[in-house]
Protein chains: 2
Amino acid sequence: MHQIDVRIEKDLYAANEAIAAENASRLREHGVLGIDLLGAIGSGKTALVERLAPLLAARGRRAGAIAGDVYGDDDYRRIAALGIPAVNANTGKECHLDAHLVDHALDALPLDEIDVLFIENVGNMVCPTDFLLGASKRVVVVSSTEGDDVVNKHPMIFRSCSIGVINKVDLAPLVGADLDRMERDMRRYNPNMQVFRTNLKTGEGTEPLLEALLA
Amino acid sequence: MHQIDVRIEKDLYAANEAIAAENASRLREHGVLGIDLLGAIGSGKTALVERLAPLLAARGRRAGAIAGDVYGDDDYRRIAALGIPAVNANTGKECHLDAHLVDHALDALPLDEIDVLFIENVGNMVCPTDFLLGASKRVVVVSSTEGDDVVNKHPMIFRSCSIGVINKVDLAPLVGADLDRMERDMRRYNPNMQVFRTNLKTGEGTEPLLEALLA
């Protein structure tokens, strides 16, 4: 049984990666910078899109987004309210987006009118890690309210992302979270990680993060 | 491919449920009340054990716990510090506990010295839903800082639990979370759900929750 599971798991990842590579080509052809947004429920992935889309517009860059969720359209409606092209990608039951779902979402987007495409994954720090989608950058967002041990509990997601965001820094004293521990744990799991601290309610910290995303 | 996946998925659930039923018998034989704790990372599952274990002790009931995580022992160390029997159950890569892991954890616990066993799952609102573990009650913990749309995004987990806890009520005004919406969404998905509001930093709201757990 275990042997069979492992073989199917390998096939599944290989099939996903083939489609992810096609998605990457398609984004490149249309001059779109794809950015994966990963992190737990409520970490601030949608808030990040809400903050970055206007900053991009101020620089003459057009944002677009795929809002991934298990169910519902709460995030999608927030993003559509920004007036940018957006698609709601519900997984139905799955705990992560996969490249095939993103392929369909790309069909529904006006790629020639988008410079930066945010692909917001399902809120979950485990399952999305292994499924590449075709984006060229991967960002993981955590918030102080998840507890300052949240990074230590999830090595794999931090190894798979090059940019880490620690959000809700204003609430850290209220929940007793040690932001330095969170940053230290990120760099321990991924010495090359660029780490940013934000308060996405106010926009604090978003400019340097945007620079890194566009670099 | 899809056909094969569905068949394996069914086998997987059936195999899990058979072991869950054995776990349930074992807990019953030893007079242990098993309580599943589900919810996102940082929602307050471990804090709930920290609050309830002393309240149980004050009533002459002995608590024990299985601390489920992908990796690390942050939660386990907090629970062990309570001086109650505890086991750290790391999944390694999986996004949820399964009955087989719990079976092994039960082997390591002095069941005759435990009246109430908390089984804290991996922090994740999707994957643990489908895997029964053998507990007789299932509790889902959400916190206001996850956003007041967190319930609406995860119908299945609320349908699978009979008790819902809304934690970090003190932070709701700071993050703009509407606690009434969260409670309404819980009852919409599960009309029989008993809903409790807590601030586990102070212990507010834990006594009525404990009553419901022991009822």
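Residues numbered from 1 in each chain as written. Chains lettered and ligands numbered in written order. Predicted model: local features only at pLDDT ≥ 70, side-chain atom pairs only at ≥ 80, totals over all residues.

The subject of this paragraph is the overall build of chain A. Scanning chain A from N- to C-terminus turns up eight helices and seven strands. A compact globule built from 215 residues would reach a C-alpha radius of gyration of about 17 Å, and chain A, at 17 Å, matches this within 12%. For chain A, the proportion of its 215 residues judged to be buried stands at 49%. (Helix = DSSP H or I, 4+ residues; strand = E, 2+ residues; numbered from the N terminus. Rg over C-alpha atoms; globule rule 2.2 N^0.38 Å. Buried ≥ 20, exposed ≤ 12 C-beta atoms within 10 Å, placed from the backbone.)

Moving on: the environment of Pro110 of chain A. The residue Pro110 of chain A is located in the loop between α4 (99-107) and β4 (116-120) in this model. Between the alpha carbons of Pro110 of chain A and Ile84 of chain A there is a distance of 10 Å; along the sequence they are 26 residues apart.

Below, the discussion takes up helix α7 (residues 179-189) of chain B. Residue and element names in this part refer to chain B. Buried residues of α7: Met182, Asp185 and Met186, and no others. With its buried residues spanning 100° around the axis, α7 presents them on a single face. The inward-facing, buried residues of α7 abut β5 (137-143), α5 (155-159), β6 (163-167) and β7 (194-197). (Arc of directions from axis to C-beta. Contact = placed C-beta atoms within 7 Å.)

With that settled, consider the confidence of the model for chain A. Taken residue by residue, chain A gives an average pLDDT of 95. The fraction at 70 or more is 97%. Of the two predicted TM-score estimates for the complex, the pTM is 0.94 and the ipTM is 0.91. (pLDDT = per-residue confidence, 0-100.)

With an RMSD of 0.0 Å, the operation that places chain B on chain A is a rotation of 180° combined with a shift of 0.0 Å along the axis. One copy is carried onto the other by what is essentially a two-fold rotation axis. Minimal C-alpha distance to the rotation axis in chain B is attained by Asn124 of chain B, lying at 3.0 Å. When you check the interface residues of chain B against chain A, 100% turn up at the interface there too, and the contact is symmetric in its surfaces. (Least-squares fit on C-alpha atoms with pLDDT ≥ 70 in both.)

Let us look at the sheet that holds strand β3 (residues 86-90) of chain A. Residues and elements named next belong to chain A. With respect to topology, seven strands assemble into an open sheet ordered β3-β2-β4-β1-β5-β6-β7, the strand pairing being parallel. Among the strands making up the open sheet, the edge pair consists of β3 and β7 (194-197). The average angle at which neighbouring strand axes cross in this sheet is 20°, direction not considered. Two strands pair when backbone bridges link them, and strand β2 (residues 63-69) and β4 are joined in this way by five bridges, in the parallel orientation. Residue Ile66 lies in a different strand from β4, and its bridge partner there is Ile119. (Pairing = 2+ DSSP bridges. Axes fitted to C-alpha atoms, helices over the stretch in contact; angles between N-to-C directions.)

Here the phi dihedral of Lys168 of chain A falls at roughly 60°; this positive angle occurs in a residue that is not glycine. By the secondary structure assignment, Lys168 of chain A is in the loop between β6 (163-167) and α6 (172-175).

Turning our eyes to something else, we now look at the sheet that holds strand β2 (residues 63-69) of chain B. Residues and elements named next belong to chain B. Strand order in the open sheet formed by seven strands is β3-β2-β4-β1-β5-β6-β7, and the pairing between neighbours is parallel. Only two strands of the sheet have a single neighbouring strand rather than two, namely β3 (86-90) and β7. Here the average twist between neighbouring strands, direction ignored, is 20°. In this sheet, β7 lies alongside β6 in parallel orientation, the contact comprising four bridges. Bridge pairing in β7 places Val165 opposite Phe196.

Here we take up the pairing of strand β5 (residues 137-143) of chain A. Residues and elements named next belong to chain A. Most of β5 is tucked away, with six of its seven residues classed as buried. Alignment of strand β1 (residues 33-39) against β5, held across five bridges, turns out to be parallel. Within β5, the residue paired with Ile35 across the bridge is Lys137. Relative to β6, β5 runs parallel, the two sharing five bridges. When the sheet's bridge partners are listed, Ser143 is paired in β6 with Asn167.

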